[in-house]
Each structure stands twice: as C-alpha cells, then as structure tokens.
Amino acid sequence: MLDPTQAGVSEERWRAATAACFAVAVADVIRATHDSCSLVFDVPAEIGSRFRYRAGQFLSFKVPLGGQILTRSYSLSSSPECDPKLKVTIKRVDDGRISNWFNDNVKPGDRLMVVPPAGLFVLNDKRRPITLFAGGSGITPCISIAKTVLSTTERKLRLVYANRDAASIIFEQELGELAAAHPDRFEIQHSLDDRDGFLDVKSVEHHAVDSLESDFYLCGPGLFMDIVERALAALHVPSDQIHIERFVSPPDPDAEREDAAVTGGEAAHAAPEKISIVLDGNAHEIDYQPEERVLEAARRAGLDPPFSCEEGYCSCCMAKLTEGKVRMHTNDCLTPDLLEEGWVLTCQSVCVSRKVKIEYPD
Ligand SMILES: Cc1cc2nc3c(=O)[nH]c(=O)nc-3n(C[C@H](O)[C@H](O)[C@H](O)COP(=O)(O)OP(=O)(O)OC[C@H]3O[C@@H](n4cnc5c(N)ncnc54)[C@H](O)[C@@H]3O)c2cc1C
C-alpha cells in the first residue's frame, strides 16, 4: 500500500484526495517494451461492478510524491470482452514523474489507489469501418477497441501506428496475431520515425484518404494528435466521425492553487452566495463560496452527485448549466458540441455570475 506520509503528504490530505478511489492490488507487472510496462489488476469481487468498463476507457491513479498528490490517467489496454483482468500499460516519459515511478517501483501485490473506469473515448454503435491512429503509448485504448471490435462486431478495422523505432512498438506480437486471425477485416500500417521519417500531415492524409467514411479514433501525445487532426480537417472529415483522446498530465495541484489565487478577484466579485442544483429530479438551493467548484459546493451541502477523476477528464460529473455562467479550469473531455448544448464539468466549474443553475442528468 502507498505510504503518503513517506512522500510528505498528511494522512488527512490523502484521505480527502482518495475519497473516490478504491484500493486495488497489482496481480502482475509485465515488461511490454524497454520503456513501458503493463500492470494487471485483481479487482475484488465486491467492487467488481464499479470497475466494469467499455473498451477505450481509462483508470486514474492517485500517487503521493514529493509532498503532492498527483493524479495520472492510464487507458485500459485490456478489452472487457476478451480479457479476464483489467490491464493498463504505462510508457516512460522523459523526466516524467509518475510514468517512471510506475515503471521503477510497482510490483505484484502492491495496492494502488484507483478511480474507477471512465471516459468518452469509446465505440459508438454505428456500422462504419474504424480507422485507429495511435502514436506511441496511444496504442493502449486502441488495442482495447480493436479487440472489442473484432470480437463483437463485423466492422472493418485499420490501425496506423506511429513509433520512434521498431523497439518502441508496444503489443507488436499481439497486434500481429489479431491481424493474422482477421486478415479480411484488420489491417495494420506501422510508421517508424527512423525508417519512414516523422509522420506529417501529408503522410496522414495519404493513410486516411481511402477511409473517409470511417469513424476515426485518435490517441497519443500532443504533437501527433495535432498532425492527425490537421490532416483529417484538410480532408473535410465531419467532426462526428472523429474521436480523440489526448495523453496529457493535469496541472500540479500547487500550480492550480496559484492560478486560482491570480484569478480569484474576478470570480469573488461575481460569485453568487447560493446556487441551484437539480439532482435526481430534486431542486436544492445550496450555499456557495467564491472560487469553489460546483461539485465541491454540492458535496459540502450534503448532496451525493456523481464524480470520479476530479481532474476534468472523465466526464462522470457532467451536468447542464441551465442558468448563469461558470468558468471551467480544465476540460479534457467535453466536445464543442456538448459545450454548445450547455454541458459543463462540475468538478472544474467555478461560478462567475450572480445566478447559477446546474441540472444533473437523470
Ligand atoms: C485519458 C488519458 C489516458 C492516458 N493513458 C495513458 C496510457 O495508457 N499510457 C501512458 O503511458 N500514458 C497515458 N496517459 C498519459 C499519462 O497520464 C501521463 O500524462 C504520462 O504518463 C506522463 O506523466 P508523468 O507524471 O510521467 O510526467 P509529468 O511529470 O507529468 O511530466 C510530463 C512532462 O512535463 C515535464 N515535467 C517534469 N516535471 C514537471 C513539473 N514539475 N511540472 C510540469 N512539468 C514537468 C516532463 O519533463 C515531461 O516532459 C494518459 C493520459 C490521459 C489524459
């Protein structure tokens, strides 16, 4: 079990930060490549229902390190339809704190604090073919989706998988076996920087141009995603055919507090004293303090709204803003269409108008 006090974090802070977490034991650690490892989990039967997931979703982990509690999300590389146990795969990031911590420290039997599966990067129920663009560690939700697509649908599947070099290809053998088992449905194109040059907009267009009727699933680090998005935009692929998961770390909690202090004047000036929350069909007028997140206010008032990662990724806490204005600190999951419809992430929303009404979906 993690010891927060050894990392300079008090028991009390740790308890509060891990309120939405479950302790889950690592059953196995598998070296995936020279710079990545997979963690397989034993989820206790009594919390099994909380850990049901859809291909493409992720787990979030709370790790005490250097006096802070850092949250990092890792996509499930297992498939709910094909694999008996949940598995995530973590690739080292240069100078990255938690990815290296996981690769260097975690061993079978360790218990980690985990937020249950969440995320909107999941299969839709269309019949369109699917084209996956994965960059490096971005293969993790893609292989989960690939296994599920091949085992539960008739949809055709293409994977374009970019890596630095052959040694960096995660799941090379498993992917090869899947393609060999489904030669009419699954095609893989590897793009290796040291062999083919960096993937650029033109080469992505070349990979995508014959699949314009596909659903595109894009996953990987920032630069890779920008290139693929630009290429799909140049090919006029409609936005409802493009599904995106960006692999980023949230801001450190200390940095967030500094941000709040800088912007505090504006929010305090406009902040309401009470806000309206509709939850499970019941309306509540609750107290509100300047700079407080809507989720925080609702929980302080004794309500039990849904939430999970509390970092703006998972969408579990989304609700509709039906009156007033909020400012979201982070939004890594709501699409422009959802924002347009008035959806907000309550874990990230600070009220900035005198009246605010938030309605949770039933
Ligand atoms: C939904 C989702 C799913 C993901 N799934 C996966 C997955 O399946 N596999 C995977 O490998 N990754 C995944 N990621 C990425 C993962 O969550 C982390 O972002 C990644 O592991 C890097 O974290 P880190 O703590 O090692 O790096 P960080 O410490 O966050 O550092 C990231 C970068 O910032 C620099 N940096 C170092 N110290 C600091 C500092 N003090 N302040 C600011 N920047 C600093 C580092 O040099 C590095 O380049 C996912 C991300 C999301 C959002």
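Above: the structure in question.
It should be emphasised that the depicted structure is a prediction, and the values quoted were computed from it without experimental measurement.

(A) Representation of helix α2 (residues 97-105) in the model. Of the residues making up α2, those classed as buried are I98, S99, N100, W101, F102 and N103. On its buried face, α2 is in contact with β1 (22-33), β2 (36-42), β3 (58-65), β4 (68-75), β5 (86-91) and β6 (111-118).

(B) Structural detail: the packing of aromatic side chains. According to the stated counting rule, one finds 8 aromatic pairs in the structure shown. An angle of 75° between the planes, with centres 5.3 Å apart, marks the rings of W101 and F102 as edge-to-face. The same class applies to W101 as to F102, namely buried. Judged by centre distance (5.4 Å) and plane angle (75°), the rings of F121 and Y217 are edge-to-face.

(C) The sheet that holds strand β18 (residues 357-359), seen in detail. Ordered by their spatial adjacency, 5 strands build an open sheet running β13-β12-β18-β14-β16, and the pairing between neighbours is mixed. Two strands bound the open sheet, and with one partner strand each, they are β13 (282-287) and β16 (343-345). Strand after strand, the sheet turns through a mean of 35° between neighbouring axes, direction not considered. Summarising the sheet, strand β12 (residues 274-279) and β18 pair through 3 bridges and their orientation is parallel. When the sheet's bridge partners are listed, V278 is paired in β18 with E359.

(D) Molecular detail of the packing of helix α3 (residues 139-152) against helix α4 (residues 172-181). At a minimum axis separation of 12 Å, α3 and α4 run at an interaxial angle of 25°. Considering their axes alone, α3 and α4 lie roughly parallel with respect to each other. For the crossing formed where α3 meets α4, the hand is left-handed. Only E174, L175 and L178 of α4 make contact with α3, whose side of the interface consists of I139, I143, K147 and L150. Here the residues of the contact of α3 with α4 are counted per class, giving 5 nonpolar, no polar and 2 charged.

(E) Looking closely at unusual backbone geometry. With a phi angle near 65°, F171 is a residue other than glycine that sits in the positive phi range. Its location among the elements puts F171 in the loop between β8 (157-163) and α4. In this structure F171 comes out as buried when scored by relative accessible area, which is 10%.

(F) Region of interest: the nonpolar core. L39, F41, L59, F61, V88, F102 and L112 are the most contacted members of the largest nonpolar core, which totals 30 residues. Counting residues per element, the ones that place at least two in this core are β1, β2, β3, β4, β5, α2 and β6. Take this core: its biggest share by element is 4 residues, from β6. Apart from the residues within four sequence positions on either side, L39 is in contact with D28, V29, L86, K87, V88, I90, F102, V106 and L112. In terms of nonpolar packing, the next biggest core, distinct from the first, is built from 29 residues, Y288, C317, V326 and V356 among them.

(G) Geometry of the environment of F186. Structurally, F186 is set in strand β9 (residues 186-192). When the C-alpha positions of F186 and L157 are compared, they lie 4.8 Å apart, and in sequence the two are 29 residues distant. Ignoring sequence-local partners within four residues, the contact set of F186 consists of A146, L150, L157, L159, L175, L178 and A179.

(H) A look at the site of the ligand. Lining the immediate environment of the ligand, one finds 24 residues, of which R72, S73, Y74, S99 and S249 sit closest. Within the backbone of T89, a nitrogen or oxygen atom sits 2.9 Å from a nitrogen atom of the ligand. In this structure, V248 approaches the ligand through a main-chain N or O atom, which is 3.4 Å from an oxygen atom. Out of a free accessible area of 970 Å², the ligand has 75% covered by protein chains. Elements that contribute at least two residues to the shell around the ligand include exactly β4, β5, α2 and β11 (242-246). No other element matches β4, which puts 4 residues into the shell around the ligand.

(I) α4, seen in detail. Looking at α4, one finds that the buried residues are L175, L178 and A179. Taken end-on, α4 shows its buried residues confined to a sector of 100°, consistent with a single buried face. For α4, the exposed residues lying more than 90 degrees away from the buried face are Q173, A180 and A181. The elements touched by buried residues of α4 are α3, β8 and β9.

(J) Seen up close, the side chain of K147. Residue placement: K147 occurs in helix α3. Discounting residues that sit within four places of it in the chain, K147 has contacts with S77, S78, S79, C82, D83, E174 and L178.

(K) Region of the structure containing the sheet that holds β5. If you trace the 6 strands from one edge of the open sheet to the other, you get β4-β3-β6-β1-β2-β5, paired in antiparallel fashion. The open sheet has two edge strands, β4 and β5, and neither has a second partner. Averaged over all pairs of adjacent strands, the angle between strand axes in this sheet comes to 40°, irrespective of strand direction. Of the pairings in the sheet, the one linking β1 to β6 comprises 4 bridges and is antiparallel in character. Looking at β6, one finds that V24 is bridged to L112. On top of the sheet, α2 reaches β1, β2, β3, β4, β5 and β6; it is set at about 75° to β4, its chief contact.

About the cut-offs
- Residues numbered from 1 in each chain as written.
- Predicted model: local features only at pLDDT ≥ 70, side-chain atom pairs only at ≥ 80, totals over all residues.
- Heavy atoms only, no water.
- Buried < 20%, exposed > 50% of the residue type's maximum accessible area, 1.4 Å probe, protein only.
- Helix = DSSP H or I, 4+ residues; strand = E, 2+ residues; numbered from the N terminus.
- Contact = heavy atoms within 4.5 Å.
- Phe/Tyr/Trp six-rings, centres within 6.5 Å; stacked < 30°, edge-to-face > 60°.
- Pairing = 2+ DSSP bridges.
- Axes fitted to C-alpha atoms, helices over the stretch in contact; angles between N-to-C directions.
- Parallel < 35°, antiparallel > 145°, perpendicular 65-115°, else oblique.
- Left-handed = near helix turned anticlockwise from the far one by under 90°.
- Nonpolar A, V, L, I, M, F, W, Y, C, P; charged D, E, K, R; others polar.
- Core = buried A, V, L, I, M, F, W, Y, C linked by side-chain atoms within 4.5 Å.
- Near = heavy atom within 4 Å.
- Polar contact = N/O pair within 3.5 Å; in protein donor to acceptor, adjacent residues only side chain to side chain.
- Areas by Shrake-Rupley, 256 points an atom, 1.4 Å probe, with all protein chains shown as cover.
- Arc of directions from axis to C-beta.

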